[in-house]
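Observations on the three-dimensional arrangement
Here are the chains, one letter per residue:
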Amino acid sequence: MLAALAVLTAGVVILAALNSGTRHGYLDPRSADPLGSRAVAELLKARGVTTRVVTTAAEAAEATGPRTTLLVADPDRLGTTQRRTIRSAIDLSGGRTVLLAPGSHSLPDLSPGVRAQGDAATDAPAPGPDCTLPAATSAGRAATGGGLRYTTSLPGATACYPSGGHPTLLTLPAGTGGDTVLLGSETILLNESLAEEGNASLALQLLGSRPDLVWYMPSLADSDPDPGAGEDKTLFELVPAGWSWALLQLFLAAVLAALWRARRLGPLVTEKLPVAIRASEATEGRARLYRKAGARDRAATVLRAATRERLAALTGVPHTRAHEPAALVPAVSARLTNGTYGSTSGTQNGTGNATQHGTQNATQNGARNATQNGTRDVTTLLFGPTPPDDAALVALADHLDALEREVRTS
């Protein structure tokens, strides 16, 4: 794949290098492409007309004069300043100016009094020029259609090659002795169509009336900026409509392919584990991790939560209330011996009171204190604070185990 890509890249670079001297673009008099204009430039050269290519309005205006023909290849691309410069050159040069397909954007500045009337119906709008212009009458039928048509009320204008009642070629006299030619289509200047009908004759006579031809091809610097160029556009607005439909089709194709090739989920299959690990080893490993991280709080929480769940199952407390002190502690305390856990202190206190105040009072006070102390001890044991050190954590585990064992055997 890499080798094929390298060969393809090398071929593209070689072809571009070989063709770089002849491919100059649309309507370029140096281009021999079908859409170039090198053929008409060579014919003019054979007749003694020198062709000079310029790319700025300033160069075009400077090169014009009574012995020059100025050809403006794309008038509608010109900016406001450039249009004014060309208009000034038209008024002062005294030569001929040929405007190729000027539209409503450039006509008010370059040819006041002329209006565009839409596109012509065909490339050859009429059997003949239907005018008295010598260049048109000698050329006869020519492909001046396929572009714009014009209308004007200026005196002295000559209208040729009408289409739908409006000319596709219009000449306007200038006060300095020159004239302006408006050509609605550039077809007669292209290499691919120059030899058809009277195209070559008309092109040579329109561009060869003076010994010098200035071929003005506006550059990007001379172009009129797009009014909407500064507006932010979304990604979907920048993608052409054709690409949007293509992406939608590709997306649908990808979805169908995924549905076709997707793996169906079957029933679960049990597998033997490659290594059997005893539960005690897993417990010890987790304990070591807790100890290494110093996570006594997490370890105490896990121990208490597991004990609470088992005690809830033993005492009949619902699983959903296993972690509520108000529900679990009384049920656990009721299952302890004499209703207490760790009731030694209560019994000792009761015995001491019996010696001093009598057996009956001591028994009642000892039982009451033992019950209160046992409830408080169970609450602290199951819901108390985090142990302060490892020894306290080990003691907590022992007490929880003892509490569960007592409840289980009670």
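Residues numbered from 1 in each chain as written. Predicted model: local features only at pLDDT ≥ 70, side-chain atom pairs only at ≥ 80, totals over all residues. Heavy atoms only, no water.

1. A closer look at the overall build of the protein
Helix and strand counts for the protein stand at 15 helices and 9 strands. With 410 residues in all, the protein has 36% of them scored as buried. In the protein, of all internal contacts separated by at least 6 residues, the share reaching a separation of at least 24 is 69%. Here the protein displays about 24200 Å² of accessible surface, and carbon together with sulfur accounts for 58% of that area. (Helix = DSSP H or I, 4+ residues; strand = E, 2+ residues; numbered from the N terminus. Buried < 20%, exposed > 50% of the residue type's maximum accessible area, 1.4 Å probe, protein only. Contact = heavy atoms within 4.5 Å. Areas by Shrake-Rupley, 256 points an atom, 1.4 Å probe, with all protein chains shown as cover.)

2. A closer look at the sheet that holds strand β2 (residues 68-72)
Reading across the sheet, the 7 strands line up as β1-β9-β2-β3-β8-β7-β6 and stay open at both edges, with mixed pairing between neighbours. Bordering the open sheet on either side are β1 (50-54) and β6 (158-163), each of which pairs with just one other strand. The average angle at which neighbouring strand axes cross in this sheet is 15°, direction not considered. In this structure, β2 lies alongside strand β3 (residues 96-100), joined through 4 bridges in parallel fashion. Counterpart to Leu70 in the pairing with β3 is Thr97. (Pairing = 2+ DSSP bridges. Axes fitted to C-alpha atoms, helices over the stretch in contact; angles between N-to-C directions.)

3. Notes on the environment of Ser209
Mapped onto the fold, Ser209 is located in the loop between α7 (199-207) and β9 (212-216). Distance in space between the C-alpha atoms of Ser209 and Thr69 is 7.5 Å, their sequence separation being 140 residues. When neighbours within four sequence positions are excluded, Ser209 is seen to be in contact with Thr69 and Arg96.

4. Some remarks on the packing of helix α11 (residues 296-315) against helix α15 (residues 390-409)
For the pair α11 and α15, interaxial distance at closest approach is 10 Å and the crossing angle is 5°. The angle between the axes of α11 and α15 places the two elements in the roughly parallel class. Contacts from Arg296, Ala299, Ala300, Leu303, Arg304, Thr307, Arg310, Leu311, Leu314 and Thr315 of α11 reach α15 at Asp390, Leu393, Leu396, Ala397, Leu400, Leu403, Glu404, Val407 and Arg408. Residue composition of the contact of α11 with α15, by class: 11 nonpolar, 2 polar and 6 charged. (Parallel < 35°, antiparallel > 145°, perpendicular 65-115°, else oblique. Nonpolar A, V, L, I, M, F, W, Y, C, P; charged D, E, K, R; others polar.)

5. Side note on the pattern of salt bridges
Close approach of charged atoms lets side chains of opposite charge pair. Going through the model one piece at a time under the given rule, you end up with 13 salt bridges. When the shortest N-O distance is used, the salt bridge between Asp179 and Arg96 registers 3.0 Å. One end of the pair, Asp179, is in strand β8 (residues 179-183); the other, Arg96, is in strand β3, with 83 residues separating them in the sequence. For Arg321, the salt bridge is made with Glu324, and the minimal N-O distance between the two is 2.9 Å. On the basis of relative accessible area, Glu324 is assigned to the partly exposed category, the value being 32%. Salt bridges sharing partners connect three or more residues here, namely Arg310, Glu404 and Arg408. (Salt bridge = Lys/Arg side-chain N within 4 Å of Asp/Glu carboxyl O.)

6. Quick look at the pairing of β9
Each regular strand carries side chains that alternate between the two faces of the sheet. A large share of β9 lies buried, amounting to 4 of its 5 residues. Note: β1 against β9, 5 bridges, orientation parallel. Following the sheet pairing, Val53 is matched in β9 by Trp215.

7. Section: the packing of aromatic side chains
Where two aromatic rings form a pair, the distance of their centres and the angle of their planes describe that pair. Applying the stated rule across the entire model yields 0 aromatic pairs. The cationic tip of Arg261 hangs over the ring face of Trp260; the distance from NZ or CZ to the ring centre is 5.2 Å. (Phe/Tyr/Trp six-rings, centres within 6.5 Å; stacked < 30°, edge-to-face > 60°. Lys NZ or Arg CZ within 6 Å of the ring centre and 35° of its normal.)

8. A word on the nonpolar core
The nonpolar side chains of a soluble globular protein tend to be buried, and buried together. Residues Leu169, Leu202 and Leu207 are the most contacted members of the largest nonpolar core, which totals 31 residues. It is α7 that provides the largest number of residues to this core, a total of 5 residues. Filtering out sequence-adjacent residues up to four positions away, Leu169 remains in contact with Leu133, Thr158, Ala159, Cys160, Tyr161, Val181, Leu182, Leu183, Leu202 and Leu206. Grouped together as the second largest cluster of nonpolar side chains are 20 residues, Ala57, Leu99, Leu172 and Tyr216 included. (Core = buried A, V, L, I, M, F, W, Y, C linked by side-chain atoms within 4.5 Å.)

9. Things to note about the confidence of the model for the protein
Mean pLDDT for the protein: 82, with 83% of residues reaching 70 or above. Mean pLDDT across the elements of the protein ranges from a minimum in helix α13 (residues 344-357), with 35, to a maximum in β9, with 96. Segment residues 226-230: pLDDT under 50, and 1 contact once partners within four positions in sequence are set aside and those in other chains are kept. In this model, residues 342-372 is a region of pLDDT below 50 whose contacts with residues beyond four sequence positions or in other chains number 14 contacts. (pLDDT = per-residue confidence, 0-100.)

10. Quick notes on the side chain of Arg96
Exposure remark for Arg96: the relative accessible area of 12% places this residue in the buried category. Setting aside residues up to four positions removed in sequence, Arg96 forms contacts with Thr68, Thr69, Leu70, Asp179, Val181, Gln205, Leu206, Ser209 and Arg210.

11. Focus: the packing of helix α2 (residues 38-46) against α7
Direction vectors running N to C along α2 and α7 enclose 60°, while the axes themselves pass 10 Å from each other. If you check the angle between α2 and α7, you find them oblique. Considering the relative orientation of α2 and α7, their crossing is right-handed. In this structure, α2 uses Val40, Leu43 and Leu44 to contact α7, whose residues at the interface are Ala203, Leu204 and Leu207. Its residues placed into classes, the contact of α2 with α7 shows 6 nonpolar, no polar and no charged. (Left-handed = near helix turned anticlockwise from the far one by under 90°.)

12. Looking at helix α4 (residues 80-93)
With 14 residues, α4 extends 20 Å between its outermost C-alpha atoms, agreeing within 8% with the 20 Å of an ideal straight helix rising 1.5 Å per residue. Residues Gln82, Arg83, Ile86, Ala89, Ile90 and Ser93 constitute the buried set of α4. Around the axis of α4, the buried residues are gathered within 120° of arc, so they sit on the same side. Among the exposed residues of α4, those oriented more than 90 degrees off its buried face are Thr81, Arg84 and Leu92. (Expected span 1.5 Å × (residues − 1). Arc of directions from axis to C-beta.)

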